[in-house]
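# Remarks on the overall topology
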Amino acid sequence: MVAADLRERAPTGRSRSVTFQARAAYRYTYEGREYTSYRITGNRLGGSDNLGDWQKDTAARLEAASAAGTPITVYVNPA
């Protein structure tokens, strides 16, 4: 884990709600090659929301892993 944080996004356009986005940068090795990634969900677009606590909980777990130097599990699509 390189870095993790929680971004708070101010309302924009027609939206009147603050949204949150968990973010992370991490390195992993797959088949002998090192990669850096920023995706933490299966959604290619990423995004932010204010539905439930998933963004905040995920950011807290990733920040704790980053601070402690604890490895995280990542899933790789070999294609």
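Only a predicted model underlies this, so the values are computations on that prediction, with no experimental measurement involved.

Calculation notes
- Residues numbered from 1 in each chain as written.
- Predicted model: local features only at pLDDT ≥ 70, side-chain atom pairs only at ≥ 80, totals over all residues.
- Heavy atoms only, no water.
- Pairing = 2+ DSSP bridges.
- Helix = DSSP H or I, 4+ residues; strand = E, 2+ residues; numbered from the N terminus.
- Axes fitted to C-alpha atoms, helices over the stretch in contact; angles between N-to-C directions.
- Contact = heavy atoms within 4.5 Å.
- Expected span 1.5 Å × (residues − 1).
- Buried < 20%, exposed > 50% of the residue type's maximum accessible area, 1.4 Å probe, protein only.
- Arc of directions from axis to C-beta.

## Considering the sheet that holds strand 3 (residues 33-37)
- Read from one edge to the other, the open sheet built from three strands follows the order 1-2-3, with strand pairing classed as antiparallel. Each having just a single partner strand, strand 1 (3-9) and strand 3 make up the two edges of the open sheet. Taken over all neighbouring pairs, the strand axes of this sheet differ in orientation by 15° on average, direction set aside.
- As judged from the seven bridges shared by strand 1 and strand 2 (residues 19-30), these two strands associate in the antiparallel manner. The partner of alanine 3 across the bridge, within strand 2, is alanine 25.
- Lying on the sheet, helix 1 (residues 54-68) is in contact with strand 1 and strand 2; it crosses strand 1 at an angle near 150°.

## Remarks on helix 1
- Its 15 residues give helix 1 an end-to-end C-alpha distance of 21 Å, which sits within 8% of 21 Å, the value for a rise of 1.5 Å per residue.
- Among all positions of helix 1, only Gln55, Thr58, Ala59, Leu62 and Ala65 are buried. With its buried residues spanning 130° around the axis, helix 1 presents them on a single face. Facing away from the buried side of helix 1, by more than 90 degrees, are the exposed residues Arg61, Ala67 and Ala68.
- Where helix 1 is buried, its residues contact strand 1 and strand 2.

## Some thoughts on unusual backbone geometry
- One non-glycine residue, glutamate 31, lies in positive phi territory at about 50°.
- As for its placement among the helices and strands, glutamate 31 is situated in the loop between strand 2 and strand 3.
- With a relative accessible area of 71%, glutamate 31 lands in the exposed category.

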